[in-house]
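Observations on chain architecture
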Amino acid sequence: MARGSCVDEHVRARKAGRRRWQGINMPGPELPGLARACQALAEGAVVVVPNPPPMTYGIVATSARALNAIKRRPLEQNVGVSLHEQSQWSAVASSIELSAAALSAAAGLMEQRFTVLLPMRPGRPPPGWFTPAVRDGYLAAFNGCWAPTARLWKEFPRLYGSSANVSGEAPADSAARAVEMFGTDCVVLDADAVDGPAVERQASTMVRIDRLGRLTLHRAGAQSKASGLGPEEFLEQLAAEVGLSRSR
């Protein structure tokens, strides 16, 4: 969540030096093809975007239905929403039923590229464009901005996102695999050449914060595996680092 720079004011003090998955936010040069990708998004198309290793590729669009269509799943299925822009975070924050401290912790988790399920406040619905990301009273949110694609995220403050896969298939671990699944007409931002040594990739780890500020591991993924810890130890350490309690 950013004020035009993909850096959120809530997490400036939360540098990631202690984390074993520290490299997940490593900088990189701007990728070629960004102008074409931005044009595709402006026209309503889906774009495949890279994530730093050990995360798989993702897809983004300005339409949740477009994401679901390319994934070949029901058009009304819920998706995630990227809170990389400060104005969008501000727009939805009052609809999230968390304390200020827990909201700050959530921002820190998204800065570390976790997908976070956030509890919505009853009777205070978020702005309409967030609706496709809400399911069972929780908003699925992430921060997709990464330095090599920063221009795309700055130009599009409102983006839906999901893993880069056709329903039933594993998320794409390379640009070539994304092209295989989605075809050559889909714009794919290829970061394979700048990602460094090959590593096993996974989708992001998904965590949930309940209304009492308790943290739960909802889905294991890249961050939890890279930590080298078991699920319980990982959750215990993560909760302590971001200042939350863990659900038991």
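In this text, all values refer to a predicted model and were calculated from it rather than measured experimentally.

The rules we used
- Sequence order as written defines residue numbering, which begins from 1 separately in each chain.
- The predicted origin of the model limits local features to residues at a pLDDT of at least 70 and limits the giving and counting of side-chain atom pairs to 80 or more, whereas totals for whole chains, interfaces and linings rest on all residues.
- Think of the side-chain values as coming from all heavy atoms in the structure, minus any hydrogens and water.
- Each residue is placed in one exposure class: buried if its accessible area under a 1.4 Å probe, protein chains only, is under 20% of its type's maximum, exposed if it is over 50%, and partly exposed if it falls in between.
- The numbering of helices and of strands both runs from the N terminus, where a helix is a DSSP run of H or I of at least 4 residues and a strand a run of E of at least 2.
- Contact definition: two residues touch when any of their heavy atoms are within 4.5 Å.
- The term polar contact refers here to a pair of N or O atoms within 3.5 Å; inside protein, the definition further demands a hydrogen-donor-capable atom paired with an acceptor-capable atom, and it admits residues adjacent in sequence only when both atoms are side-chain atoms.
- Just to be clear on terms, a salt bridge is a Lys or Arg side-chain nitrogen sitting within 4 Å of an Asp or Glu carboxyl oxygen.
- Here the nonpolar core consists of buried residues drawn from Ala, Val, Leu, Ile, Met, Phe, Trp, Tyr and Cys, with membership extended through side-chain atoms lying within 4.5 Å.
- Stacked, edge-to-face and tilted labels apply to pairs of Phe, Tyr and Trp rings (six-membered ring for Trp) whose centres lie within 6.5 Å, assigned for plane angles under 30 degrees, over 60, and everything in between, in that order.
- We call a charge positioned above a ring when the Lys NZ or Arg CZ atom is no farther than 6 Å from the ring centre and deviates by at most 35 degrees from the ring normal.
- Taken from the helix axis, the directions to the C-beta atoms give the arc we talk about.
- At least two DSSP bridges between two strands are needed for those strands to be called paired.

Turning next to helix α2 (residues 64-71). Every buried residue of α2 is accounted for by A64, A66, L67, N68 and K71. Summarising the contacts, the buried residues of α2 are in contact with β2 (58-61) and β7 (160-163). Two or three places before R65, at the opening of α2, S63 has a side-chain oxygen 3.3 Å from that residue's backbone nitrogen. Phi turns positive one or two residues past the end of α2, at R72, with a value near 60 degrees.

Take the pattern of salt bridges next. All chains considered together, the criterion is met by 10 salt bridges. One salt bridge in this structure joins R65 and E76, with 2.1 Å as the shortest N-O distance. Taken together, the positions of R65 in helix α2 and E76 in the loop between α2 and β3 (80-82) put the pair 11 residues apart, joining distant regions of the chain. Residue classification places E76 among the exposed residues on the basis of a relative accessible area of 60%. Connected via shared salt-bridge partners are E169, R177 and E180.

Of all hydrophobic cores here, the largest spans 70 residues; its most connected members are V47, L118 and L152. Tallying contributions element by element places helix α4 (residues 100-111) first for this core, with six residues. L152 has contacts with L34, A37, C38, L41, V47, V49, L159 and L189, leaving out every residue within four places of it along the chain.

Here we come to unusual backbone geometry. When glycine is set aside, most residues are seen to have a negative phi, and most peptide bonds are trans. Between P53 and P54 the backbone carries a cis peptide bond, its omega angle lying at 15 degrees. Structurally, the position occupied by P54 is in the loop between β1 (47-49) and β2. For R72, which is not glycine, the phi dihedral falls at a positive 60 degrees. Secondary-structure assignment places R72 in the loop between α2 and β3.

All right, on to the packing of aromatic side chains then. Here the structure, examined in full by the defined rule, presents three aromatic pairs. Relative to Y160, the ring of W129 has its centre 5.2 Å away and its plane inclined at 65 degrees; by these criteria the two rings are edge-to-face. Placement of the pair is W129 in the loop between β4 (115-119) and β5 (134-135) and Y160 in strand β7, with a sequence separation of 31 residues. Residue Y160 is classed as buried on the basis of its relative accessible area of 7%. Site record: aromatic cluster; members linked through ring pairs are W129, F130 and Y160. The aromatic ring of Y138 is capped on one face by R208, whose charged end is 5.9 Å from the ring centroid. Just above the ring of Y138 sits the side chain of R211; from NZ or CZ to the centre is 5.7 Å.

Once that is clear, we can look at helix α3 (residues 86-93). Within the span of α3, buried status applies to Q86, Q88, W89, V92 and A93. When α3 is viewed along its axis, its buried side chains cluster within an angular range of 160 degrees and face the same direction. Taken together, the buried residues of α3 touch α4 and β6 (138-142).

Positionally, R201 belongs in the loop between β8 (187-188) and β9 (206-209). R201 gets classed as buried once you look at its relative accessible area, which sits at 15%. Within polar-contact distance, the side chain of R201 engages the backbone oxygen of M55 at 2.3 Å. Looking at R201, its side chain comes within polar contact range of the main-chain oxygen of D173, at 3.5 Å.

We now examine the pairing of β6. Most of β6 is tucked away: five of the five residues are buried. Side chains of β6 alternate between two faces, with Y138, A140 and F142 and L139 and A141 buried alike. With two bridges joining them, β3 and β6 adopt parallel strand pairing. Each bridged residue has a counterpart across the sheet, and for S82 the counterpart in β6 is F142. With four bridges joining them, β4 and β6 adopt antiparallel strand pairing. Within β6, the residue paired with L118 across the bridge is L139. Examined bridge by bridge, β5 and β6 share two bridges and lie antiparallel to one another. Bridging from a neighbouring strand, R135 pairs with Y138 of β6. Here β5 hands over to β6 after two residues, with D136 in that stretch at a positive phi of 50 degrees.

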